[in-house]
Amino acid sequence: MRIDLVTIFPRLCDGPLAEGIVRRAIDRGIVDVRAHDLRDYTTDRHRSVDDVSYGGGPGMVFKPEPLFRAVDAIRGEGEVDAVILTSPQGRTFTQREAERLAALRHIVVLCGRYEGIDDRVRSALATEELSIGDYVLSGGELPALVIVDAVVRLLPGAVGDEESVDVDSFSRGLLDFPHFTRPAEYRGWRVPDVLLSGNHAEIRRWRMREALARTLALRPDLLPAAELDSEEREILRALMQERGAEHGRD
Ligand SMILES: C[S@@+](CC[C@H](N)C(=O)[O-])C[C@H]1O[C@@H](n2cnc3c(N)ncnc32)[C@H](O)[C@@H]1O
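Being a predicted model, the structure only gives us computed values, none of them experimental.

### Observations concerning the side chain of Asp176
- Examined against the element boundaries, Asp176 turns out to sit in the loop between helix H6 (141–152) and strand E8 (185–186).
- Within the structure, the side chain of Asp176 is placed 2.8 Å from the side chain of His179, a separation counted as a polar contact.
- Once residues within four sequence positions are removed from consideration, Asp176 is found in contact with Val167, Asp168, Ser169, Ala211 and Arg214.

Structure follows, in structure tokens:
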């Protein structure tokens, strides 16, 4: 897969691309991530990328020309499947969106700054607009890197068994079960006995129950869309009955 980031601060991307799973995936040739300096696509002496907002008001706006030129140049190097505009106004980026993007071969992510980007970039250049949450950041670099990280760890070979993505939160619409490691007892807090029992069937069922209980307690909004098998549905029904009984006693 290839991912191109277009930004006025390409060096901001260096750190997150230089460590961990993303770095390993780049080194293994699983993904090619390139950060382009938007100013390289300007034509004036001052390499200016922004201008005042038509209609007045504070703040500068990214001009359309450098962004169109940057994407044209990237398209010249090979077919592009998606041009993503980072924006607090976009569709919320979720694990499902990460899975969808991970199936593409080439994406471009545009990073805004200041008041944002000339709206013709949104309507005529971007193929989609993604937000990483309902808050406003000062630039699109962190959102772009969030997207890169979430997508790259889904690419085959990027994550080893020791960091398996299958049980991660949201992978099947549920939160992950709790994890523990040695020591078995720390400051009087013991790891649940079942995890030390060596009984794999019991451990599997305990983890299933915990994932469902956590999701029910913390993110019940996820449950209607979760992909549950019959065993999980049965456990969930029991958990909901227990909760109902507890509330009845309150
Ligand atoms: C200060 S913001 C512009 C906000 C814009 N005036 C608005 O209110 O919608 C500058 C840039 O940061 C990025 N950005 C800020 N918050 C974001 C978010 N929650 N998700 C994705 N991108 C965001 C976008 O690239 C945006 O163009």
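What follows picks up the thread again.
### Notes on the site of the ligand
- Inspection of the region around the ligand gives 20 residues, with Thr86, Gln89, Gly112, Glu115 and Tyr135 positioned closest.
- The contact in question runs from an oxygen atom of the ligand to an N or O atom on the side chain of Thr86, over 2.8 Å.
- Expressed as a share of its isolated accessible area of 590 Å², the protein-covered part of the ligand is 85%.
- Elements supplying a minimum of two residues to the shell around the ligand: strand E5 (82–92) and strand E7 (128–131).
- When residues in the shell around the ligand are grouped by element, the largest group, four residues, is from E5.
- Classifying every residue of the shell around the ligand by side-chain character gives eight nonpolar, 10 polar and two charged.

### Considering the packing of aromatic side chains
- Considering all chains together, one arrives at two aromatic pairs under this definition.
- With a centroid separation of 5.6 Å and 80 degrees between ring planes, the pair formed by Phe62 and Tyr114 is classed as edge-to-face. In this pair, Phe62 is assigned in strand E4 (residues 60–62) and Tyr114 in the loop between strand E6 (106–110) and helix H5 (119–125), connecting sequence segments 52 residues apart.
- Its relative accessible area of 0% is what places Phe62 among the buried residues.
- Here Tyr114 falls in the partly exposed class, since its relative accessible area comes to 41%.

### Digging into the nonpolar core
- Counting residues in hydrophobic clusters, the biggest one holds 28 residues, and the most contacted among them are Ile3, Leu5, Phe93, Val148 and Val152.
- When contributions to this core are tallied by element, the ones reaching two or more residues are strand E1 (2–7), helix H2 (20–27), E5, helix H4 (95–102), E6 and H6.
- Counting residues per element, this core draws most heavily on H6, at seven residues.
- Sequence-distant contacts of Val148, that is, excluding residues within four places in its chain, are made with Ile3, Leu5, Leu17, Val22 and Val33.

### Some points on H4
- Three or more residues of H4 are buried, namely Glu97, Ala98, Leu101 and Ala102. Taken down its axis, H4 places every buried residue within 135 degrees of arc, on the same side.

### Quick word on the pattern of salt bridges
- A complete count under the given rule lists 25 salt bridges for this structure.
- Close ionic contact of Asp168 with Arg153 constitutes a salt bridge, the shortest N to O distance being 2.8 Å. Taken together, the residues span a long stretch of sequence, with Asp168 in the loop between H6 and E8 and Arg153 in the loop between H6 and E8 at a distance of 15 residues.
- A network of salt bridges, in which partner residues are shared, links Arg2, Asp4, Asp32, Arg34 and Glu77.

### Quick look at the packing of helix H8 (residues 200–218) against helix H9 (residues 230–249)
- In the contact formed by H8 and H9, the axes pass within 10 Å of each other and the chain directions differ by 50 degrees. As the angle between them shows, H8 and H9 are arranged oblique. Two packed elements cross with a definite hand, and for H8 against H9 that hand is right-handed. Residue-level contacts link Arg204, Arg205, Met208, Arg209, Leu212, Ala213, Leu216 and Ala217 of H8 to Glu231, Glu232, Glu234, Ile235, Leu236, Leu239, Met240, Glu242 and Arg243 of H9.
- Taken together, the residues that form the contact of H8 with H9 break down as nine nonpolar, no polar and eight charged.

### What to know about unusual backbone geometry
- Residue Pro183 is bonded to the preceding Arg182 through a cis peptide linkage, with omega at 5 degrees.
- Looking at the element boundaries, Pro183 is found in the loop between H6 and E8.
- Positioned with a positive phi, Phe170 is a non-glycine residue whose angle comes to about 75 degrees.
- On the secondary structure map, Phe170 appears in the loop between H6 and E8.
- Its relative accessible area of 31% is what places Phe170 among the partly exposed residues.
- You will see that Arg187, though not glycine, has its phi angle at about 50 degrees, which is positive.
- Here Arg187 is to be found in the loop between E8 and strand E9 (189–190).

Conventions and cut-offs
Residues numbered from 1 in each chain as written. Predicted model: local features only at pLDDT ≥ 70, side-chain atom pairs only at ≥ 80, totals over all residues. Heavy atoms only, no water. Helix = DSSP H or I, 4+ residues; strand = E, 2+ residues; numbered from the N terminus. Polar contact = N/O pair within 3.5 Å; in protein donor to acceptor, adjacent residues only side chain to side chain. Contact = heavy atoms within 4.5 Å. Near = heavy atom within 4 Å. Areas by Shrake-Rupley, 256 points an atom, 1.4 Å probe, with all protein chains shown as cover. Nonpolar A, V, L, I, M, F, W, Y, C, P; charged D, E, K, R; others polar. Phe/Tyr/Trp six-rings, centres within 6.5 Å; stacked < 30°, edge-to-face > 60°. Buried < 20%, exposed > 50% of the residue type's maximum accessible area, 1.4 Å probe, protein only. Core = buried A, V, L, I, M, F, W, Y, C linked by side-chain atoms within 4.5 Å. Arc of directions from axis to C-beta. Salt bridge = Lys/Arg side-chain N within 4 Å of Asp/Glu carboxyl O. Axes fitted to C-alpha atoms, helices over the stretch in contact; angles between N-to-C directions. Parallel < 35°, antiparallel > 145°, perpendicular 65-115°, else oblique. Left-handed = near helix turned anticlockwise from the far one by under 90°.

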